[in-house]
Amino acid sequence: MRVLKLALLAGLSALAIGWGVAASTPYWFAPKQDRKVDIADPELIARGEYLARAGDCVACHTAPGGAPYAGGLGLQTPLGTIYATNITPDPETGIGSYDYGDFERAVRKGLRPDGVHLYPAMPFASYKVVSDADTEAMYAYFMSAVKPVAKQNQPTTIPWPASLRWPLAWWQLLFAQPRDFEAPQSDDPLVARGAYLVEGLAHCGACHTPRGLAYEEKALKEDGSGRFLSGSVLEGWYAKNLRNEDTGLVTWTEEELVTFLRTGRNKRTAAFGSMSDVVEHSLQYLGDDDLTAIARYLKSLPPRPGREQWRPKEDVTTAALRGGDFSAPGAMTYIEHCTACHRLDGKGAPEVYPALAGNSMVFADDPSSLIQVTLAGGRMPSTPGHSMAFTMPGFAHLSNADLAELMTFIRNGWGNHASAVTEADIARMRKEIAHKPVHYAPEAAQ
Amino acid sequence: MRKSFLIAGVALIAMAGSAAGWVATRAVPDAPPAASFAVLDAEKNEVGRYVVPADKDIFAQPNADEIIYGKRLLADTARLLPDNVGAAMNCNSCHLLDGKIDAANGYINTVNFYPRVMPRAGKEVDLETRINGCFQRSMNGRPLDREGREMKAMIAYMEWLRQGVAKEHRVDIVNAGPVDESLIPDPDNGKAIYAQKCAACHGVNGEGMRDQFGDIIFPPLWGDESFNIGAGLARTYKAAQFVKWAMPPAMHLDGQLGQGGVLTDQEAVDVSEYFTHMPRPDFAPKVNDWPNGNKPKDARY
């Protein structure tokens, strides 16, 4: 009995201390900055707009069909839905009453003016390295150039007690320590600029870096472990490995990368899934210098040992298919449903239909994207660089057995080589697609 | 002691059994049942269902090699039959996806349609003649030997595609979807639409696009390598039917090619008027067409 009482007491005091520490972080861990920003400076506003594009704030803080930055997009977590908030300068429902310190603390430190901690669904762990000057510019832009919209924020659907926010302070203490941007060792100033964007505003790691059990990114920057940007699965899309290694980007040239980031396509590949949105809402607006910086930085990420190169095997597929030999498992299904666009040589049509031959998304370590895009189809982003954006139809009407054979064929055709895809993989993805989260606030859904 | 072991054993087996049962009854998600079309008799009563067969079923046919050869000839005509093809065109350029798609010049009913009387010829034509018509007009080429291996293979493919639907019955699909033929075409608007919605694939000058081997990816829409003036597609409204329902591909998340349904009738008529009236090869035997009159209003000669 005594022991139980003691244990209870200990538990309660631990909880109290835990809460106390959490409640105090606004004062020592994430103190508020005191600084004046000239929000009327047109130059600052223009730069802020560009940076907000780079940060892709609009992607999360806008509901489909809704007013820009008025919030409402739901981000799914296993515990419930978190809605991005209204960040228009409306004083009642938005951030109109925020001074610079409030804004800075929310964006870089994940803390609301009322001391409430934000969920890491808001990528403050990445924004942490954004410079003061850039944060000021964004503040000026949001305060002066974004149209205020009166729209109440949507509460999360996370049930009590998981909805208590103070434990988030501990998450922040553990996984979002204050840090400044450290430029990587390089003589090329573009590499440093690229690192700054990739780690910070562009938050590529939020999707492309694997996450741990606590939803933390396993690396927030290149740290020699090879984990940064090494590929991660979200909502059944595999945001592929972006390191300069075999199944990553070693087969890409800098130029191909820049073209892809600006237009969502290049001669070999095309964006789909959430990457299509990233290009459409963010990357297409960046200058060539910044896109080149991003590309050069990614190409500078060292390969992990043994993964320096990717060599295709000999292509026997093109000759077989052109010669009418469709006997390989999966070949006839490919001929029937895919050749009209991706062609006998697996090269597609430049800038219209992506190639499957030599395309690193096809032979990626994880076939999720390949399976999902084939089942559900995909849309390229539309950008001013191209008069038309194309859509790949979905093939969910093919059986699991046919699709597994087909995927395995593609992953090992035309010189590609990668693991086989099984019927169970296809069935799992069907389930995932059927239970896809709906990214709408309830009122925006109708 | 013994007894409790027994009970535990029975309980364990029961649990394992029900777990296995639960797993087995949970359906593994797979493809929905195949879509099918009604098979109609002469009075339009439904007498059965038709499912578009999968190409891999061909392997089970006694004449699989012949069918596959026919299928390849239809898809890769210019490469495999250079002596008979004058245009940079395959049969699949207009008969999309080996003639398996509704409203894109399918072959599903073709074998059952022939022989029949055609107004353009003014007499009864059989399937071989019809195919050779497309060789001479749409492909701007030379007819195939009616008894040759190539002709037989193409027809063997179409015969397989029919899936045994009786001669007097029809699968409920159309060769081409409807377009309002009373619309007056505006070729200037057609030119603008061409630039926005077609040129990305068919080329700024209608020249199409070829792959590394010189094979056709996107067929030309005009010029020396296009279909000649005697082709059905040289007629504005016939072309508009195709353009409206089958072009452009890769527009939607559904449909075998994500094709069609982007342009309004007016836009389809405008763009068709524009590209069909661009320069293209002549067709000398045109003088023999429509011997009994009844020339359609969009005929080119």
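Under an unreviewed UniProt entry, the name given to chain B is Cytochrome C, and the organism recorded is Aquamicrobium defluvii.

In the annotation of an unreviewed UniProt entry, chain A is listed under the name Alcohol dehydrogenase and assigned to Aquamicrobium defluvii. In the Subcellular location (unreviewed entry) part of its UniProt record, chain A is described as follows: "Cell membrane".

A.B. asks: Would you explain the sheet that holds strand β1 (residues 37–40) of chain B in this entry?
C.D. replies: Strand pairing within a sheet occurs via backbone hydrogen bonds; the two strands may be parallel or antiparallel. Residue and element names in this part refer to chain B. The sheet built from three strands is open, its strands ordered β2-β1-β5 with antiparallel pairing. Across the chains shown, the open sheet's two edge strands, defined by having one partner strand only, are β2 (46–50) and β5 (170–171). As defined by bridge partners, β1 adjoins β2 across four bridges and the pair is classed as antiparallel. Across the sheet, residue Ala-38 finds its bridge partner in β2, namely Arg-49.

A.B. asks: Quick question: what am I supposed to make of the interface of chain A and chain B here?
C.D. replies: Often, the extent of an interface is quoted as the loss of accessible area upon association of its parts. Contact with chain A, which involves 42 residues of that partner, is made by 44 residues of chain B. Here chain A and chain B share an interface that buries about 3,200 Å² over both sides, 60% of which is from carbon and sulfur atoms. The largest contributions to the chain A side of the interface with chain B come from A:Arg322, A:Met332 and A:Glu336, which together make up 22% of the buried area. At the junction of chain A and chain B, the tally comes to five salt bridges. At the surface where chain A touches chain B, the tally comes to 13 residue pairs in polar contact (both at pLDDT 80 or more). Residue assignment for the side of chain A that touches chain B shows that the elements contributing at least two residues are α13 (317–322), α14 (331–337), α15 (339–342), β5 (378–379), β6 (391–392), α17 (400–411) and α18 (423–434) of chain A. For the side of chain A that touches chain B, the leading source of residues is α14(A), giving four residues. Grouping the amino acids of the side of chain A that touches chain B by side-chain chemistry returns 20 nonpolar, 13 polar and nine charged.

A.B. asks: Explain unusual backbone geometry here, please?
C.D. replies: With the exception of glycine, the majority of residues adopt a negative phi angle, and the majority of peptide bonds are in the trans configuration. Residue and element names in this part refer to chain B. Note the cis peptide between Tyr-114 and Pro-115, where omega equals 0°. Mapped onto the secondary structure, Pro-115 falls in the loop between α5 (110–113) and β3 (116–118). Following Met-247, the chain continues to Pro-248 via a peptide bond in cis, the omega torsion being -20°. Within the secondary structure, Pro-248 is located in the loop between α10 (236–246) and α11 (265–276). In this structure, Leu-97 is a non-glycine residue whose phi angle is positive, near 50°. Position of Leu-97 among the secondary structure elements: in helix α4 (residues 96–99). Although it is not a glycine, Ala-250 adopts a positive phi angle of roughly 60°. Here Ala-250 is to be found in the loop between α10 and α11.

A.B. asks: What exactly am I supposed to notice about the domain arrangement of chain A here?
C.D. replies: Annotation of chain A at the domain level lists domain 1 (38–146), domain 2 (189–299) and domain 3 (317–434). Each of domain 1 of chain A and domain 3 of chain A has a C-alpha centre, and the two are 38 Å apart.

A.B. asks: Can you help me understand the nonpolar core in this one?
C.D. replies: Soluble globular proteins tend to bury their nonpolar side chains together. A:Leu321, A:Tyr334, A:Ile410 and B:Met154 are the most contacted members of the largest nonpolar core, which has 114 residues in total. Sorting elements by how many residues they give to this core places helix α7 (residues 149–162) of chain B first, with nine residues. When sequence neighbours within four positions are dropped, the list of residues in contact with A:Tyr334 reads A:Leu321, A:Thr339, A:His342, A:Arg343, A:Gly346, A:Leu356, A:Leu406, A:Phe409, A:Ile410 and A:Trp414. Grouped together as the second largest cluster of nonpolar side chains are 53 residues, A:Tyr69, A:Phe103, A:Tyr139 and A:Ala219 included.

The rules behind each value
Residues numbered from 1 in each chain as written. Chains lettered and ligands numbered in written order. Predicted model: local features only at pLDDT ≥ 70, side-chain atom pairs only at ≥ 80, totals over all residues. Heavy atoms only, no water. UniProt positions renumbered as here; feature names shortened; annotations may be inferred. Pairing = 2+ DSSP bridges. Helix = DSSP H or I, 4+ residues; strand = E, 2+ residues; numbered from the N terminus. Contact = heavy atoms within 4.5 Å. Buried area = accessible area lost by both parts, 1.4 Å probe. Salt bridge = Lys/Arg side-chain N within 4 Å of Asp/Glu carboxyl O. Polar contact = N/O pair within 3.5 Å; in protein donor to acceptor, adjacent residues only side chain to side chain. Nonpolar A, V, L, I, M, F, W, Y, C, P; charged D, E, K, R; others polar. Domains from an automatic or database assignment. Core = buried A, V, L, I, M, F, W, Y, C linked by side-chain atoms within 4.5 Å. Buried < 20%, exposed > 50% of the residue type's maximum accessible area, 1.4 Å probe, protein only.

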